[in-house]
Amino acid sequence: MKKQVFSFSLLILVMSSSYAQLGKRSDRQLEKDKKYEVMIGTNKTNASFNNTDGFTIKENDIRIVGFLHRHNKIEYDKIYVRTKRDTTVVDEQTMKGRSINASWKDFYIKLKDLVPSDNYRIEVYSEPERKLVASKEFYIKKKE
């Protein structure tokens, strides 16, 4: 009888602990659902993997594919995307953003006359409110 009571108590303890962990995960998931992020790359594949913070170029221009992502539905129909080097704006555009699905919008940026720098930044704002939604810092290096 003692073994059965002990086993039952242990089972209740494990279930309670698991339930508490599940509650914590859902709180973290709720926070993650609210957060926006910007992913960039030279094509959709490497942008979606978000495996680079920078680019090495041969020429003096680059086409960047960008994604605005949110685990929950993106709240904005239009976005304003500004690209800066240090404090200088090198590209800005307002776009509807093509929706891949409710949690992704893609956009394209063509940068010309590039200056290699560690201080590039893409900022995505809601439009027309211009509330900062997400940003991504990156660098551009000249291939030697």
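Residues numbered from 1 in each chain as written. Predicted model: local features only at pLDDT ≥ 70, side-chain atom pairs only at ≥ 80, totals over all residues. Heavy atoms only, no water.

**Q** So what's going on with the pattern of salt bridges? Residues and values would help.
**A** One pass over the full model with this rule turns up 10 salt bridges. A salt bridge links Lys-141 to Asp-118, with the nearest nitrogen and oxygen atoms 2.8 Å apart. Placement of the pair is Lys-141 in strand β9 (residues 132–142) and Asp-118 in strand β8 (residues 117–127), with a sequence separation of 23 residues. Given the relative accessible area of 39%, Lys-141 is considered partly exposed. Each of Arg-82, Lys-84, Arg-121, Glu-123 and Glu-137 takes part in one network of salt bridges that share partners. (Salt bridge = Lys/Arg side-chain N within 4 Å of Asp/Glu carboxyl O. Helix = DSSP H or I, 4+ residues; strand = E, 2+ residues; numbered from the N terminus. Buried < 20%, exposed > 50% of the residue type's maximum accessible area, 1.4 Å probe, protein only.)

**Q** Can you lay out the packing of aromatic side chains for me, pointing to particular residues and giving the numbers?
**A** Summed over all chains, the structure comprises five aromatic pairs. Plain terms: the ring middles of Phe-67 and Trp-104 are 5.5 Å apart, the flat faces sit at 85 degrees to each other, and that makes the pair edge-to-face. With Phe-67 in strand β3 (residues 62–70) and Trp-104 in strand β7 (residues 104–111), this pair connects stretches of sequence that are 37 residues apart. A single burial state applies to Phe-67 and to Trp-104, both of which are buried. (Phe/Tyr/Trp six-rings, centres within 6.5 Å; stacked < 30°, edge-to-face > 60°.)

**Q** How would you summarise the environment of Lys-142 if you had to cite specific residues and measurements?
**A** Considering the arrangement of structural elements, one finds Lys-142 in strand β9. Not counting residues within four places of it along the chain, the set of residues in contact with Lys-142 comprises Thr-56, Ile-57, Lys-58, Glu-59, Asn-60 and Pro-116. Among the polar contacts made by the side chain of Lys-142, one reaches the main-chain carbonyl oxygen of Lys-58 at a distance of 3.3 Å. A distance of 3.2 Å separates the side chain of Lys-142 from the backbone oxygen of Glu-59, its partner in a polar contact. (Contact = heavy atoms within 4.5 Å. Polar contact = N/O pair within 3.5 Å; in protein donor to acceptor, adjacent residues only side chain to side chain.)

Keep in mind these numbers describe shape, not what the thing actually does.
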